[in-house]
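Coordinate inspection notes
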Amino acid sequence: MAATTTPVLSIMGHPNAGKSSVVATLTENDRIQIDKRAGTTTAADHYPVVIDGKTVVEFIDTPGFQNPSFILEWFQAHPDEPDLARAFVDLHCADPLYVHDCTLLRPVAEGAAIILVVDGSKRIKEKDRAEIELLRLTGRPRMAILNNTTNVTEYMDQWQDLLNKAFNAVREFNAHRATYDERMRLMSALKTIDQRWEDRIDETIETFAHDWDRRIDQTVTTVLELLKKALALRVTEVVNIKDRAAPVEREAVKAKLVESFEDALRNLEVKAQDEVRAHFRHNVWNLSPESILQKDLFSDEVGKALGLSRGQLALVGAAAGATTGATLDLSLGGSTLGAAALFGAATGGALGAFGGAALAKVDIQKAIGIERISMGPVTNARFPFVLLDRILLYCARAMNWSHGRQAADEDAPNRVPERDVPRKAFTEELPADQQKKLGKFFAALRKGKEPRDLEEDCRETIRGVLRGLSESKIDSRADL
Ligand SMILES: Nc1nc2c(ncn2[C@@H]2O[C@H](COP(=O)(O)OP(=O)(O)O)[C@@H](O)[C@H]2O)c(=O)[nH]1
Ligand SMILES: [Mg+2]
């Protein structure tokens, strides 16, 4: 293949080896059909990876072989044939018995390189040996991917030995767990299967890396927008005090106020999450019930798992010149509207989550015949850190959740529950000066300001966290 053409890679192997999962993961396409039943893929489907309107690499998802031993015997019976794949397809394409095998071999006949996917958790069978040998005989550049659909590892060495004899490269790659970094390492390994492809694959990897950086930038913007909107949020309700029923109505209005304030924050979070998911091309999105991302934003669990520790928060609070206690505007006259009462009554456990301090400032303005009760902006110093940590956790999931992993995985009998609570919150791990700058930025936002310099510092901090997340060190932090 000439160096200027797009690399075309034909994904081959047994039904259920994980071919479609590999293609879905490498092309970041979670709409590819993946199924427990064998033979889901019946035609060779083309999946180009298009970045900025340009196809950088193309994968072909193929059905499994039907008659590998027949093809092998035919190959072995024609030792002088210079292009076995081409010759086999030319001769058998009209034969209904071999139409499937011809569909499978056609891309190879037309010059595609081969990626054989095997399920390394299964014992090696005769059929596997026949497939490996016939692919070797095609003489095409070829790489083998050792996927592992279970946790059985006892056959992995035998697979390595067998595949190493017949392929230019053998890589272990888990289609359901692979992170961005692992995907890029697999792409790099493709270079070794044919030297003529080196420049083209390098270019492809560079394009991927560039695209990834751009997504990180878009994600930082999404996160900053969430923080800005959440921290400036203010919600107002009006009570008609002319009415005799006013005291009763006022209680209802108070409850409604808290509810709408919290809902508005929840909605802002959901909107940011949707954006992050789109940045990383996820359409199918399954979170297990255990995930901290499934819990209510104002729940104790979220408040405890995320955000800064008390000690860190105190330092940050001092630096930001903010008080972390109740900053309730108490100019309420004889009103019974205490922030703790107001907030606690409506949200139950929320006080625990935010260290006993109120979430937001509550104000009452009296005018003729009405009272205008408003809630916001957020005054709780801990909340922005919790919010930031949770969106970062969501980003970690979006960035590292492989597109080949779908709902099918969720009902597997030996599924490992998703433990995504980090041992330490992301913000908790930041250097103190960065924490302080975040604290100052949050304090400014809560006062309705958006200082440029602090925003740039925080942008850098968040970008740094996101970059760190792509470096596949996620496992040490949490099982995402
Ligand atoms: N746990 C796990 N399951 C996998 C993996 N790869 C594939 N599977 C499962 O194996 C089945 C077949 O996968 P699929 O990609 O459709 O295989 P294909 O028939 O070769 O295209 C599906 O149920 C997948 O969810 C993997 O890496 N880990
Ligand atoms: Mg398939």
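It should be noted that the structure appears before, not after, this text.
These notes cover the structure that comes with them. Keep in mind that what you see is a predicted model, and the values were worked out from it rather than measured.

1. Concerning the overall build of the protein chain
Scanning the protein chain from N- to C-terminus turns up 18 helices and nine strands. Residues counted as buried form 53% of the 480 residues belonging to the protein chain. Contacts spanning at least 24 positions in sequence make up 76% of the contacts within the protein chain whose residues lie at least 6 apart. Accessible area for the protein chain stands at about 21,300 Å²; split by element, carbon and sulfur atoms hold 50% of it.

2. Observations regarding the site of ligand 1
Within the structure, ligand 1 sits among 18 residues, and Asn-16, Lys-19, Ser-20, Ser-21 and Asn-174 are positioned closest to it. The contact in question runs from an oxygen atom of ligand 1 to an N or O atom on the backbone of Gly-18, over 3.0 Å. A distance of 2.9 Å separates an oxygen atom of ligand 1 from a polar atom in the backbone of Ser-20. For ligand 1, whose free accessible area comes to 570 Å², the fraction covered by protein is 89%. A per-element tally of the shell around ligand 1 places helix α1 (residues 19–27) first, with three residues. In terms of residue class, the shell around ligand 1 is made up of four nonpolar, ten polar and four charged.

3. Notes on the environment of Thr-25
Structurally, Thr-25 is set in helix α1. For Thr-25, a relative accessible area of 0% corresponds to the buried category. The spacing of Thr-25 and His-403 is 378 residues in sequence and 4.6 Å in space, taken between C-alpha atoms. Setting aside its immediate chain neighbours within four residues, Thr-25 contacts Phe-173, Ala-175, Ala-178, Arg-183, Ser-402, His-403 and Gly-404.

4. Notes on the side chain of Glu-428
Looking at where Glu-428 falls in the secondary structure, it is placed in the loop between α15 (407–410) and α16 (432–446). When sequence neighbours within four positions are dropped, the list of residues in contact with Glu-428 reads Gly-307, Leu-308, Ser-309, Gln-312 and Gln-435.

5. As for the nonpolar core
Within the largest apolar cluster, 102 residues are counted, with the highest numbers of intra-cluster contacts made by Phe-59, Phe-261, Leu-265, Leu-388, Ile-462 and Leu-466. If you tally residues by element for this core, the top one is helix α14 (residues 383–400), at 13 residues. Counting the residues that make up this core, at least three belong to each of domain 1 (8–175) and domain 2 (211–477). Contact partners of Ile-462, with chain neighbours within four places excluded, come to Val-220, Val-223, Leu-224, Leu-227, Leu-388 and Leu-392. Counting 34 residues, the second largest nonpolar core, distinct from the first, contains Val-89, Val-108, Ile-114 and Leu-163.

6. Here's the deal with unusual backbone geometry
Residue Pro-377 follows Gly-376 across a cis peptide bond; omega there is -5°. Mapping Pro-377 onto the fold places it in strand β9 (residues 370–378). The residue Asn-16 is not glycine, and still its phi comes out positive at about 75°. Of note, Asn-16 is situated in the loop between β1 (8–12) and α1.

7. Details of the packing of α14 against helix α17 (residues 452–469)
It is at 10 Å that the axes of α14 and α17 come closest, and there the two elements cross at 35°. Where α14 crosses over α17, the handedness of that crossing is right-handed. Contacts between α14 and α17 involve Leu-388, Leu-392, Cys-395, Ala-396, Met-399 and Asn-400 from the former and Ile-462, Val-465, Leu-466 and Leu-469 from the latter.

8. Section: the sheet that holds β9
If you trace the three strands from one edge of the open sheet to the other, you get β7-β9-β8, paired in antiparallel fashion. Looking at the sheet topology across the chains shown, the edges are occupied by β7 (235–240) and β8 (360–367). The sheet shows a mean angle of 20° between the axes of neighbouring strands, taken without regard to direction. As paired strands, β8 and β9 are joined by seven bridges and run antiparallel to one another. Following the sheet pairing, Asp-363 is matched in β9 by Ser-374.

9. Thoughts on the packing of helix α8 (residues 198–232) against α16
Two measures define how a pair of helices packs: the angle their axes make with one another and the distance between the axes. α16 packs onto α8 with a crossing angle of 50° between their chain directions and a minimal axis gap of 8 Å. In terms of orientation, α8 lies oblique with respect to α16. As for how α8 packs across α16, the hand of that crossing is right-handed. Here Leu-224, Leu-227, Lys-228, Leu-231 and Ala-232 of α8 come into contact with α16, specifically with Phe-441, Phe-442, Leu-445 and Arg-446.

10. Concerning the pattern of salt bridges
Evaluation of the coordinates by the stated rule reveals 33 salt bridges. Between Glu-225 and Lys-229 there is a salt bridge; the shortest N-O distance is 3.8 Å. Of this pair, Glu-225 and Lys-229 are both found in helix α8, four residues apart, which corresponds to roughly one turn of the helix. With its nearest N and O atoms 3.1 Å apart, the salt bridge here joins Glu-455 to Lys-228. Taken as a pair, Glu-455 in helix α17 and Lys-228 in helix α8 lie far apart in primary sequence, 227 residues in all. The exposure class assigned to Glu-455 is buried, which follows from its relative accessible area of 4%.

11. Some remarks on the pairing of strand β4 (residues 113–119)
For β4, the tally of buried residues reaches seven of seven residues, placing the bulk of the element in the interior. Across the two faces of β4 the burial is the same, with Ala-113, Ile-115, Val-117 and Asp-119 and Ile-114, Leu-116 and Val-118 all buried. The sheet contact formed by β1 and β4 spans four bridges and is parallel. Directly across from Met-12, in β4, lies its bridge partner Leu-116. Regarding topology, helix α5 (residues 126–138) serves as the crossover connection from β4 to the parallel strand β5 (residues 142–147), and that connection is right-handed.

The rules we used
- Residues numbered from 1 in each chain as written.
- Chains lettered and ligands numbered in written order.
- Predicted model: local features only at pLDDT ≥ 70, side-chain atom pairs only at ≥ 80, totals over all residues.
- Heavy atoms only, no water.
- Helix = DSSP H or I, 4+ residues; strand = E, 2+ residues; numbered from the N terminus.
- Buried < 20%, exposed > 50% of the residue type's maximum accessible area, 1.4 Å probe, protein only.
- Contact = heavy atoms within 4.5 Å.
- Areas by Shrake-Rupley, 256 points an atom, 1.4 Å probe, with all protein chains shown as cover.
- Near = heavy atom within 4 Å.
- Polar contact = N/O pair within 3.5 Å; in protein donor to acceptor, adjacent residues only side chain to side chain.
- Nonpolar A, V, L, I, M, F, W, Y, C, P; charged D, E, K, R; others polar.
- Core = buried A, V, L, I, M, F, W, Y, C linked by side-chain atoms within 4.5 Å.
- Domains from an automatic or database assignment.
- Axes fitted to C-alpha atoms, helices over the stretch in contact; angles between N-to-C directions.
- Left-handed = near helix turned anticlockwise from the far one by under 90°.
- Pairing = 2+ DSSP bridges.
- Parallel < 35°, antiparallel > 145°, perpendicular 65-115°, else oblique.
- Salt bridge = Lys/Arg side-chain N within 4 Å of Asp/Glu carboxyl O.
- Right-handed = clockwise from strand over helix to strand, strands pointing away.

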